[in-house]
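Fold and geometry: a report
Residue-level listing of the chains:
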Amino acid sequence: MKCEKLESFVSFEKASRAAVYRVHGMSDAGLTKAVKWARKAFDMRVKFDEEYNLLSDDKLYCTELIWKCYRAAGIDLVKGQFDDLNIPLKGGFYILPGRLILSPLLMKIYSL
């Protein structure tokens, strides 16, 4: 994980589109729990999960990080629905970006 300025993260060289979503009805206490979980992962210098394994927290991939942060606050953004990919040698359950975008718990508040 790394901390990067938003301007850099969504720059033309790195991203063709970007959007910001908010969880419906999230309390300040819930948000604090989610941020605390993310901060802990950052402080522990958690590496990128190249195996895309949802069962461990020692490595995380992007959508897994988002899901686990909110799950720590008691919110399951995917409501137990994972993407089942049938890929030779890498098949299994994942959380693809589209799974989060389509979550009924999220509302888009900004896009570019």
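Before reading on, note that the structure itself is shown above.
Residues numbered from 1 in each chain as written. Predicted model: local features only at pLDDT ≥ 70, side-chain atom pairs only at ≥ 80, totals over all residues. Heavy atoms only, no water.

1. Focus on the packing of aromatic side chains
To keep things clear, this is the line we draw: Here is the rule: rings of Phe, Tyr and Trp (six-membered ring for Trp) pair when centre to centre is within 6.5 Å. Planes less than 30 degrees apart are stacked, more than 60 are edge-to-face, and the remainder are tilted. Whether a residue is buried, partly exposed or exposed follows from its accessible area with a 1.4 Å probe, protein chains only, as a fraction of its type maximum: under 20%, in between, or over 50%, in that order. Where helices and strands are cited, they refer to DSSP runs of H or I of at least four residues and of E of at least two residues respectively, numbered from the N terminus. Counting as a charge over the ring demands two things of the Lys NZ or Arg CZ atom: a distance within 6 Å of the ring centre and an angle within 35 degrees of the ring normal.
Under the counting rule described, the total for this entry stands at 4 aromatic pairs. Residues F48 and Y52 carry aromatic rings whose centres are separated by 5.8 Å and whose planes lie at 85° to one another, so their mutual orientation is edge-to-face. What makes Y52 partly exposed here is its relative accessible area of 33%. Aromatic pair W67 and F82: ring centres 5.3 Å apart, planes at 90°, arrangement edge-to-face. Taken as a pair, W67 in helix α3 (residues 62–72) and F82 in the loop between α3 and β4 (83–85) lie far apart in primary sequence, 15 residues in all. The exposure class of W67 is buried, given its relative accessible area of 5%. Residue F82 is classed as partly exposed on the basis of its relative accessible area, which comes to 26%. Among the aromatic side chains, those forming a connected cluster through ring pairs are F48, Y52, Y61 and Y94. Positioned above the aromatic ring of F42 is the side chain of R45, whose terminal nitrogen or guanidinium carbon lies 5.2 Å from the ring centre.

2. Some words on α3
Test applied: Residues count as neighbours in contact if any of their non-hydrogen atoms are within 4.5 Å of one another.
Of all the positions in α3, only T63, E64, L65, W67, K68, C69 and Y70 are classed as buried. Check the buried side of α3 and you find it contacts β1 (19–23), α2 (28–43), β3 (59–60) and α4 (97–101). Once α3 finishes, G74 follows within two positions and takes phi at roughly 90°, a positive value.

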